[in-house]
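Breakdown of the fold
Chain by chain, the residues run as shown.
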Amino acid sequence: MMRPMVKADRQAVLELIRATGFFTEGEVQVALELIDIYLNNPEQRDYYIVVVENEQGQVAGYLTYGPTPLTEGTWDLYWIAVAPEAQGRGYGQQLVGWLETEVKKHQGRLVLIETSSQPKYQPTRKFYEKLGYAEIARIRDFYRPGDDRVIFGKYFRSKE
Ligand SMILES: CC(C)(COP(=O)(O)OP(=O)(O)OC[C@H]1O[C@@H](n2cnc3c(N)ncnc32)[C@H](O)[C@@H]1OP(=O)(O)O)[C@@H](O)C(=O)NCCC(=O)NCCS
């Protein structure tokens, strides 16, 4: 079951982001900043956040996305995380499916995802490739020497 995030989910989402062990405290704080912009400004249209629940109704994963500023039809997948014990059960795929449905509804053309070239992100890159995303750009030594910014993208055809 998927639904837009609400204030009552804040703690559970924060815990699952930390539980992945993937993100530095600085990254967690940036993820949290977007969460708070979303939760505290219902009228804003820059960030959207959805959560997926497990069979017990607990939050198992979350996704932040939004239209890329100053573009026509490009969208960013900003953050995605699934709780470690819930990974590999299709929740991540469901979250990206939600994003793609929304993007198509808004005549979006392109979804971009930024990630790191570090070996620990290899499973994450495999996940994106499995979902039809391909590496379309890379900035060498972006995050730190030896750690590239890798940009994955997927184009959607317009229905003409
Ligand atoms: C990346 C992540 C969101 C994937 O979510 P998930 O719920 O585990 O993934 P799913 O179960 O939906 O997997 C979807 C498909 O991707 C494949 N996949 C997922 N993880 C994979 C891995 N480690 N290696 C290879 N394929 C993988 C699955 O096999 C599945 O394909 P299938 O249906 O043919 O089996 C999750 O593992 C996660 O939160 N990772 C840590 C945080 C992170 O990396 N976030 C992104 C930061 S840029």
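Residues numbered from 1 in each chain as written. Predicted model: local features only at pLDDT ≥ 70, side-chain atom pairs only at ≥ 80, totals over all residues. Heavy atoms only, no water.

Describing the side chain of Q44
Our working definition: Under the DSSP-based scheme used, a helix requires at least four consecutive residues in state H or I and a strand at least two consecutive residues in state E, with every element numbered from the N terminus. Identification of polar contacts relies on pairs of N or O atoms within 3.5 Å, with a donor-acceptor requirement for protein atoms, meaning one able to donate a hydrogen and the other able to accept it, and with residues adjacent in sequence counted only if both atoms are side-chain atoms. Note on contacts: a residue pair is in contact if any heavy atoms of the two residues lie within 4.5 Å.
Looking at the element boundaries, Q44 is found in the loop between α2 (25–40) and β2 (48–53). Side-chain polar atoms of Q44 contact the backbone oxygen of Y47, separated by 2.8 Å. Discounting chain neighbours no more than four positions away, the residues touching Q44 are I37 and Y38.

Let's talk about the sheet that holds strand β5 (residues 110–116)
Cut-off, in case you're wondering: Two strands make a pair as long as DSSP finds a minimum of two bridges between them. Geometry is summarised by axes, namely lines fitted to C-alpha atoms with helices restricted to the contacting stretch, and by angles between N-to-C directions that run from 0 to 180 degrees.
The strand order β1-β2-β3-β4-β5-β7-β6 describes an open sheet built from seven strands, whose pairing is mixed. Sheet topology places β1 (2–4) and β6 (134–144) at the edges, where each strand pairs with a single neighbour. Strand-to-strand, the axes of this sheet are offset by a mean angle of 25°, without reference to chain direction. As paired strands, β2 and strand β3 (residues 59–67) are joined by six bridges and run antiparallel to one another. Bridged to V51 within β3 is Y62. Sheet strands in contact with helix α1 (residues 10–19) are β2, β3 and β4 (74–82), and its direction is about 95° off that of β3. Lying over the sheet, α2 contacts β1, β2, β3 and β4, oriented at roughly 115° with respect to β4.

A closer look at the packing of aromatic side chains
Inclusion rule: Planes of paired rings set the category: under 30 degrees apart is stacked, over 60 is edge-to-face and the rest tilted, where pairs are Phe, Tyr or Trp rings (Trp by its six-membered ring) whose centres lie within 6.5 Å. Partly exposed describes any residue whose relative accessible area lies between the buried limit of under 20% and the exposed limit of over 50%, with all areas from a 1.4 Å probe on protein chains only and scaled to the type maximum. Whether a charge lies above a ring is judged from NZ of Lys or CZ of Arg, which has to be within 6 Å of the ring centre and within 35 degrees of the ring normal.
Scanning the entire structure with this criterion turns up 10 aromatic pairs. Here the aromatic rings of F142 and Y143 are separated by 4.9 Å at their centres, their planes lie at 85°, and the arrangement is edge-to-face. By relative accessible area, which is 34% here, Y143 ends up partly exposed. Through a chain of ring-to-ring contacts, three or more aromatic side chains come together here, namely F22, F23, W79 and Y121. Taking NZ or CZ as reference, K120 lies 5.4 Å from the ring centre of F22, over its face.

A short note on a nonpolar patch on the surface
The following threshold applies: Patch criteria: residues need more than 30% relative accessible area and no salt bridge. Like-charged residues are merged within 9 Å; nonpolar side chains of Val, Leu, Ile, Met, Phe, Trp and Tyr are merged within 5 Å. Accessible areas in this description were obtained via Shrake-Rupley with a 1.4 Å probe; residue shielding takes into account the shown protein chains only. Here, a salt bridge means any side-chain nitrogen of Lys or Arg that lies within 4 Å of a carboxyl oxygen of Asp or Glu.
Together, I139, F142 and Y143 line one region of the surface with nonpolar side chains, adding up to about 250 Å² of accessible area. With respect to the element layout, Y143 can be found in strand β6.

Notes on the site of the ligand
Cut-off, in case you're wondering: When we say a residue is near a molecule or strand, we mean one of its heavy atoms is within 4 Å of it. Residues are sorted three ways: Asp, Glu, Lys and Arg are charged, Ala, Val, Leu, Ile, Met, Phe, Trp, Tyr, Cys and Pro are nonpolar, and all the rest, Gly among them, are polar.
Around the ligand, a shell composed of 20 residues is seen, among which V82, G88, G90, Q93 and T124 lie nearest. Between an oxygen atom of the ligand and a main-chain N or O atom of V82, the distance comes to 2.8 Å. Relative to its unbound accessible area of 940 Å², the ligand is 74% covered by the protein chains. Those elements that provide at least two residues to the shell around the ligand are β4, α3 (91–105) and α4 (122–130). Looking at the shell around the ligand, the element that brings in the most residues is α4, giving six residues. Considered class by class, the residues forming the shell around the ligand number 10 nonpolar, seven polar and three charged.

Quick notes on the environment of A134
Within the fold, A134 resides in strand β6. Assessed through its relative accessible area of 39%, A134 is described here as partly exposed. The spatial distance from the C-alpha of A134 to the C-alpha of Q122 is 13 Å, given a sequence separation of 12 residues. Discounting residues that sit within four places of it in the chain, A134 has contacts with I151, F152 and G153.

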